[in-house]
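Inside the fold
As a plain string of letters, each chain reads:
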Amino acid sequence: TTEIYTLSLHDALPICILVVTAITAAAQVASHAPTAIGTAPAASVSPLLVTDKPVARVNGAVLTDRDLLREMYSIFPYAKQHNGFPKAQEASIRQGALEMIIFEELVYQEAERRKLTIPAARLENADADFRKQFHSPEEFDQYMQTEMHGSRQAMRKQIQRSLLIEELLKAEVEDKSAVSLAEVRAYYEKNPARFQQPESFNIQSISILPPRDAKADVENAGRKRAEEALRQAQATTSYQEFGLLAEKISEDDFRVNMGDHKAVSRDKLPPPIVKAALAMQAGQVSGLIQIENAFTIFRLNAHNPAAKQSFAVVKADLKTELQKSKYERLRSNFAKSLRAKAKIEIV
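As a starting point, this report considers the structure included with it. All figures in this text were calculated on a predicted structure; none of them were measured in a lab. (Residues numbered from 1 in each chain as written. Predicted model: local features only at pLDDT ≥ 70, side-chain atom pairs only at ≥ 80, totals over all residues. Heavy atoms only, no water.)

1. Looking at the sheet that holds strand 5 (residues 61–64)
- The strand order across the open sheet formed by 3 strands is 5-4-13, and the pairing between neighbours is antiparallel. With partners counted over all chains shown, the strands left at the sheet margins are strand 5 and strand 13 (344–346), one partner each. Between one strand axis and the next, the sheet turns by 20° as a mean value, whatever way the strands run.
- Pairing analysis gives 3 bridges linking strand 4 (residues 54–58) to strand 13, with the strands arranged antiparallel. Counted as the bridge partner of Val58 is Ile344 from strand 13. (Pairing = 2+ DSSP bridges. Helix = DSSP H or I, 4+ residues; strand = E, 2+ residues; numbered from the N terminus. Axes fitted to C-alpha atoms, helices over the stretch in contact; angles between N-to-C directions.)

This is the structure we're talking about:
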């Protein structure tokens, strides 16, 4: 859902840093209203306007279009470079940002209700970190006048708000989303099919494509070039040599990566390639294989039989995946529980 998507955007950074980044971006907004950011936008871009009008009320607390813009910047920071948001994406970005600022306000109000506090030392450190976001004292002064009307107290309250949101999310979501190694192993054992790897082949290819001139003798013209490519390919003796040749003469998209396809499952390879590969040893170069009007030569680097990935190989990534899934689920449920007892008005 939109809610789950927008909430997941912020997993990588603490809430306080995100708010700092968003506010810093919004510091470019002039203090008068209405305000447009940047020069006249292109037809495909919507301008950024701030009038400080309400966009939502959460249990009576007013959220404005300035709050919304901060979050839209956080979701789509390229808007600063393009003087606005792409029209095709603006509605979804706006909706995602609206969901996020409502969620953060609900979390903040819940933190206040629980009478959570932030130690003075932590607040001081966050204040110092906040100042470091600005490139110059002049930029900081502009932010203070634009966003905080010159009030240091208002700025400190905003930082404290961010820290309270972060603190409650840590307690209700992050700390509870931990996954033990036993849980990871249990998932692995209950889902064996997911970790079954199909038979595959590691190959590098050199392809010679048919001439673009439709009047040309397609097959003969292509075969002559392909036979010369085959002669050179069969003279190579290593992955490196074959790869450098592929970069030089191959005409398929894999040439930019030394012709390397990595591991390709058997069912995704053309039958003539599979047939040839089954008769080869690792390190051998195939003969010339024609598929329609194109010619292919490949080097077999490995033939991997079907096998189940070991727990040791997958456990780290699987643990991360399960923790992220649990985190998203807990966060979504927490958002729903807060909404269930809140009065939210979209203006």
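2. Some thoughts on the pairing of strand 8 (residues 200–208)
- Here strand 8 lies mainly inside the structure; 8 of its 9 residues are buried.
- Judged from the 4 bridges that link them, strand 8 and strand 9 (residues 260–265) form a sheet pairing that is antiparallel. By the bridge assignment for strand 9, Phe201 is matched with Val264.
- Relative to strand 11 (residues 294–304), strand 8 runs antiparallel, the two being bridged by 9 bridges. Counted as the bridge partner of Asn202 is Ala302 from strand 11. (Buried < 20%, exposed > 50% of the residue type's maximum accessible area, 1.4 Å probe, protein only.)

3. Focus: the nonpolar core
- Among the nonpolar cores identified, the biggest contains 44 residues, and Val107, Tyr143 and Met155 are the most heavily contacted of them.
- Going through the elements one at a time, strand 4, helix 3 (65–75), helix 5 (87–113), helix 6 (120–132), helix 7 (137–148), helix 8 (152–174) and helix 13 (311–340) are the ones with two or more residues in this core.
- By residue number, the principal contributor to this core is helix 5, which donates 11 residues.
- Look past the residues within four positions of Val107 in its chain and what remains in contact with it is Ile165, Leu168, Leu169, Phe334 and Leu338. (Core = buried A, V, L, I, M, F, W, Y, C linked by side-chain atoms within 4.5 Å. Contact = heavy atoms within 4.5 Å.)

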